[in-house]
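What the coordinates show
Each chain, letter by letter, is given below.
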Amino acid sequence: MAEETSSQHGTAGGAVPFYAPTGNEVALFEHAHRNRLPLLLKGPTGCGKTRFVAHMAARLGRPLHTVSCHDDLTAADLTGRYLLKGGDTVWTDGPLTRSVREGAICYLDEVVEARKDVTVVLHPLTDDRRLLPLERTGELLEAPPAFMLVVSYNPGYQNILKSLKPSTRQRFVAIEFGFPKADAETGIVVQESGLSADRVAPLVRLGNALRALKGQDLEEGVSTRLLVYCASLIRDGMPRDEAILASMIEPLTDDPEVKKALLRVAELTLG
């Protein structure tokens, strides 16, 4: 039995997590929520998709249930199951069912990692029916207007065995995320790390140089998240080169020769 991996964030009435828009994604999310449309977020790891959803949930004053999808995640993990409690068998809602009951936002991160039966459960929630059948309890839940389903995935990691079928993708409004432009990304890293802009800017420049190697020696480039980690280590007193190695080189590869090449890129970029 797969373990349920969900969390609820008390966003309603709380502080809005920092997020710097790079396009019209905020307005599009608001339009989708108002029109009861499911939303698909596409983009590389660490580019801000999860932070964006948390930001929008707080902005809209809605509870948020987040599920990190994985190979063992089943439809029952999302909808719920009967569990033994004190000698009694009690039905326990999963995060998707709780979201529907509460009119919350349910965010399925990396949805293609879940088992195929998950998409079957999502289909009736992603059309004009907005229904969630619970076969084990005999309930048929109708999603309230405030409920919203948001899913994400990283197209760069997917292959023919792990991809969303066209019939599933076409049930969603979609936003494609990329990494911010250098000036915007510098501002984000400054805000998140507390390191000064003049010290962050070279790190962003290096990040973009390493991203240019994606598809050659690297499967993925440096994420904005890793840039924040690097800047945070430097702000805390770690020497710059050590911080770069720990947060921008080591996480990208285990190959000694590739590491040397990346360190050379860092040397040439930063001087």
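Being a predicted model, the structure only gives us computed values, none of them experimental. (Residues numbered from 1 in each chain as written. Predicted model: local features only at pLDDT ≥ 70, side-chain atom pairs only at ≥ 80, totals over all residues. Heavy atoms only, no water.)

Here's the deal with the packing of aromatic side chains
Counted under the stated rule, the structure contains 4 aromatic pairs. Pairing Phe 52 with Phe 177 gives two aromatic rings, centres 5.3 Å apart and planes at 55 degrees, and the pair type is tilted. Placement of Phe 52 in helix α2 (residues 49–60) and of Phe 177 in the loop between β10 (173–176) and α7 (182–193) is noted, with a sequence separation of 125 residues between them. Overall, the relative accessible area of 0% leaves Phe 52 in the buried class. Judged by centre distance (5.2 Å) and plane angle (75 degrees), the rings of Tyr 82 and Trp 91 are edge-to-face. Overall, the relative accessible area of 18% leaves Trp 91 in the buried class. One aromatic cluster is present, built from ring pairs that chain together Tyr 19, Phe 29, Phe 52 and Phe 177. (Phe/Tyr/Trp six-rings, centres within 6.5 Å; stacked < 30°, edge-to-face > 60°. Helix = DSSP H or I, 4+ residues; strand = E, 2+ residues; numbered from the N terminus. Buried < 20%, exposed > 50% of the residue type's maximum accessible area, 1.4 Å probe, protein only.)

Brief notes about the nonpolar core
Core analysis: the biggest nonpolar cluster contains 28 residues, and Leu 96, Leu 108, Leu 132, Phe 147 and Leu 149 have the highest contact counts within it. Secondary structure elements with two or more residues in this core: α3 (75–79), α4 (95–102), β6 (105–109), α5 (117–122), β7 (131–134) and β9 (148–153). Excluding anything up to four places from it in sequence, Leu 96 contacts Leu 78, Cys 106, Val 121, Leu 122, Leu 125, Leu 132, Phe 147 and Leu 149. Judged by nonpolar contacts, the second largest core, of 26 residues, contains Leu 213, Val 222, Val 228 and Ala 243. (Core = buried A, V, L, I, M, F, W, Y, C linked by side-chain atoms within 4.5 Å. Contact = heavy atoms within 4.5 Å.)

Some remarks on the pairing of strand β8 (residues 139–142)
Two elements, β7 and β8, share 4 bridges in a ladder whose sense is antiparallel. Bridge assignment links Leu 134 to a residue of β8, and that residue is Glu 139. Between β7 and β8, which pair antiparallel one after the other, the connecting turn spans 4 residues, and Gly 138 there sits at a positive phi close to 80 degrees. (Pairing = 2+ DSSP bridges.)

Side note on the pattern of salt bridges
If you walk through the whole model with that rule in mind, you get 13 salt bridges. Two residues, Arg 129 and Asp 127, come together in a salt bridge whose shortest N-O distance is 2.8 Å. The exposure class assigned to Arg 129 is partly exposed, which follows from its relative accessible area of 44%. Connected through salt bridges with shared partners, the residues Asp 93, Arg 101 and Glu 139 form a single ionic network. (Salt bridge = Lys/Arg side-chain N within 4 Å of Asp/Glu carboxyl O.)

Quick look at the environment of Arg 199
Among the structural elements, Arg 199 can be located in helix α8 (residues 197–211). Classification of Arg 199 as partly exposed rests on a relative accessible area of 45%. Residues Arg 199 and Ile 234, spaced 35 residues apart in sequence, show a C-alpha to C-alpha distance of 9.1 Å.

Topic: helix α1 (residues 25–34)
When we look at burial in α1, the residues that qualify are Glu 25, Val 26, Phe 29, Ala 32 and His 33. Buried positions in α1, seen along its axis, are confined to an arc of 130 degrees and lie on one side of it. On its buried face, α1 is in contact with β2 (39–42), α2, β6, β9 and β10. Positive backbone phi, at 60 degrees, marks Arg 36, one or two positions downstream of α1. (Arc of directions from axis to C-beta.)

Some words on the UniProt feature "domain: CbbQ/NirQ/NorQ C-terminal" (unreviewed entry) in the protein
Here the UniProt-annotated "domain: CbbQ/NirQ/NorQ C-terminal" (unreviewed entry) positions come out as residues 185–267. Helix makes up 70% of residues 185–267 and strand 0%, and the two end C-alpha atoms of the span are 21 Å apart. (UniProt positions renumbered as here; feature names shortened; annotations may be inferred.)

Here's the deal with the packing of α7 against helix α9 (residues 224–235)
Following both chains from N to C, one finds α7 and α9 inclined at 50 degrees, their axes separated by 9 Å at the closest point. On the basis of their axis angle, the class for α7 and α9 is oblique. In this structure, the crossing between α7 and α9 has a hand that is right-handed. Contacts from Glu 185, Ile 188, Val 189, Glu 192 and Ser 193 of α7 reach α9 at Thr 224, Leu 227, Val 228, Ala 231, Ser 232 and Arg 235. By residue class, the composition of the contact of α7 with α9 is 5 nonpolar, 3 polar and 3 charged. (Axes fitted to C-alpha atoms, helices over the stretch in contact; angles between N-to-C directions. Parallel < 35°, antiparallel > 145°, perpendicular 65-115°, else oblique. Left-handed = near helix turned anticlockwise from the far one by under 90°. Nonpolar A, V, L, I, M, F, W, Y, C, P; charged D, E, K, R; others polar.)

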